[in-house]
Amino acid sequence: MYRKEWIFCTLFSFPIGVNQRSPNFALRLSLHLHHFSSSPFFSFLHGSIDHRTWYQSRSPIEDWSLSKRTRLAGETLGARRRRTVKKKLQKMGDLSQGERIVIEHGHPLYVHPSDTSGCVLAPVKLIGSENYGVWSRAMRISLLAKKKLGFVTGACKKESFDESLHEQWETVNAIVLSWIMNTVSESLLSGIVYASNAHLVWEDLKESFDKVNRVRTFQVHTAIANLKQGTNPVSMYFSKLKELWSEFDLIAPSPNCGCPKSKDYVEYLQEQRLMQFLSGLNESYDQAKRQILMKSNAPSVN
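All figures in this text were calculated on a predicted structure; none of them were measured in a lab.

Mind showing me how you'd approach the nonpolar core here?
Nonpolar side chains tend to gather and get buried jointly when the protein is soluble and globular. Core analysis: the biggest nonpolar cluster contains 32 residues, and Trp135 and Ile180 have the highest contact counts within it. The set of elements that each furnish at least two residues to this core consists of helix 8 (132–145), helix 9 (150–153), helix 10 (166–181), helix 11 (186–192) and helix 12 (198–209). Per-element accounting of this core gives the leading share, 8 residues, to helix 10. Contacts of Ile180, omitting those with residues within four sequence positions, involve Trp135, Met139, Val152, Ile192, Ala198, Val201, Trp202 and Leu205. The next biggest cluster of nonpolar side chains, apart from the first, holds 13 residues, and it includes Tyr237, Phe238, Leu244 and Trp245.

Can you walk me through the pattern of salt bridges in this structure?
Any two side chains of opposite charge can pair if their charged atoms end up close together. In the structure shown here, the tally under the stated rule is 4 salt bridges. Ionic pairing is found between Lys146 and Asp115, a salt bridge with its closest N-O pair at 3.0 Å. Taken together, the positions of Lys146 in the loop between helix 8 and helix 9 and Asp115 in the loop between helix 7 (97–100) and helix 8 put the pair 31 residues apart, joining distant regions of the chain.

I keep staring at the confidence of the model for the protein and nothing clicks. Help me out?
A low pLDDT means the predicted coordinates there should not be read in detail. Mean pLDDT over the protein: 75, with 66% of residues reaching 70 or higher. Low pLDDT, under 50, characterises residues 1–20; the predicted model gives this stretch 36 contacts beyond four residues in sequence or across chains. The model gives residues 94–98 a pLDDT under 50, and that stretch makes 5 contacts with residues more than four places away or in other chains.

When you look at the side chain of Lys148 in this model, what are you seeing that I'm missing?
Its place among the elements puts Lys148 in the loop between helix 8 and helix 9. In this structure, Lys148 is buried with no salt-bridge partner, the nearest side chain bearing the opposite charge being Asp115 at 4.2 Å.

It is not clear to me how the environment of Leu189 should be interpreted in this structure. Could you clarify?
Among the secondary structure elements, Leu189 is positioned in helix 11. We classify Leu189 as partly exposed; its relative accessible area is 30%. Taking the C-alpha atoms as reference, Leu189 lies 9.9 Å from Leu126; in sequence the two are 63 residues apart. Beyond its immediate chain neighbours, meaning those up to four positions away, Leu189 contacts Met181 and Val184.

Sorry, what's going on with the environment of Leu121 here?
Relative to the assigned elements, Leu121 resides in the loop between helix 7 and helix 8. Owing to a relative accessible area of 13%, Leu121 belongs among the buried residues under this scheme. Considering only alpha carbons, one finds Leu121 and Trp135, 14 residues apart in sequence, at a separation of 9.9 Å. The contacts of Leu121, once residues within four sequence positions are left out, are Met139, Ser142, Leu143, Lys146, Trp179 and Thr183.

What is the right way to read the packing of aromatic side chains from this model?
Centre distance and the angle of the planes are the two values used to describe a pair of aromatic rings. By the definition in use, this model includes 6 aromatic pairs. Summarising the aromatic geometry, the rings of Tyr237 and Phe277 are spaced 5.5 Å apart at their centres and angled 20° between planes, so their arrangement reads as stacked. Highlighted residues: Tyr237 in helix 14 (residues 234–251) and Phe277 in helix 15 (residues 260–279), separated in sequence by 40 residues. Each of the two residues, Tyr237 as well as Phe277, counts as buried. The structure contains a cluster of three or more aromatic residues connected by ring pairs, namely Tyr237, Phe238, Trp245 and Phe277.

Hey, could you run me through unusual backbone geometry in this one?
Both trends apply: most residues other than glycine have a negative phi, and most peptide bonds are in trans. Here the phi dihedral of Lys147 falls at roughly 60°; this positive angle occurs in a residue that is not glycine. Following the sequence through the fold, Lys147 ends up in the loop between helix 8 and helix 9.

Explanation requested: helix 13 (residues 214–226) in the structure shown.
For an α-helix the count is 3.6 residues per turn, leaving residues at separations of three or four pointing the same way. Here helix 13 spans 18 Å end to end across 13 residues, near enough to the 18 Å set by a 1.5 Å rise per residue. Buried within helix 13 we find Thr217, Val220 and Ile224. Burial along helix 13 is one-sided: seen end-on, the buried residues are contained in an arc of 70°. Residues Arg214, Val215, Phe218, Ala225 and Asn226 are exposed on helix 13 and point more than 90 degrees away from its buried face.

Analysis parameters
Residues numbered from 1 in each chain as written. Predicted model: local features only at pLDDT ≥ 70, side-chain atom pairs only at ≥ 80, totals over all residues. Heavy atoms only, no water. Core = buried A, V, L, I, M, F, W, Y, C linked by side-chain atoms within 4.5 Å. Buried < 20%, exposed > 50% of the residue type's maximum accessible area, 1.4 Å probe, protein only. Helix = DSSP H or I, 4+ residues; strand = E, 2+ residues; numbered from the N terminus. Contact = heavy atoms within 4.5 Å. Salt bridge = Lys/Arg side-chain N within 4 Å of Asp/Glu carboxyl O. pLDDT = per-residue confidence, 0-100. Lys, Arg positive; Asp, Glu negative; His and termini not counted. Phe/Tyr/Trp six-rings, centres within 6.5 Å; stacked < 30°, edge-to-face > 60°. Expected span 1.5 Å × (residues − 1). Arc of directions from axis to C-beta.

The following block contains the structure:
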């Protein structure tokens, strides 16, 4: 069947399998030809009017024809119209970019329903250089889990995405910026509330507070050296010691280049921490400490 004959048959509910050369078919076709050629649906098919104009000015026979066809196809009238209009717009190239683009789960620009601007990612609020290390570490872990770390490190810049995704990038950037503002003190909030780029805010906070604080380094080092088990169980004593080690690693991180000297330093650091742990145990563990120290291969501190 030719395309025009198919359009006429489907519009006026002619069965597809009938003999289109019969006198009855020719008579029905000629009766409706004038009405169809002057109808808004005919203009819509040829692209002279859009789907909204056709929908508002559709005739009763078009409504009846469409509803009958959709009932036979098992579709609702609204679903059929939406599918017809969408196909027409796709052919005309008028479908918006936002409807055609699908952002997969795991993409940096994907926004999960739980990724709201009111989320608080870090358990501590940034107050200055004294807790910047802990705050920065907590924020990086949370952003990495949400696949948004690139927005603060500069890996997910706006220019690295297609122009059609720039609006989505602005949305995700605003969400990340709100997460940062939710985890800083009120005294620091006024300095970043007018910012528009999460990466620039992150770099500004890093430049302001990520400084080597020798006073704090000395305090942590002294706390590690003076920490004793006392009346605490071994598990609690080890947890406190491990917390101090983690803070010291943030203040003075060890080299992590992968070279042989770096590996030797890490092994030496682990052995020193084993000595620190054993030296703080109570005297009741002296025999266990001697057995550990007499081993040729010292166990890990864990």
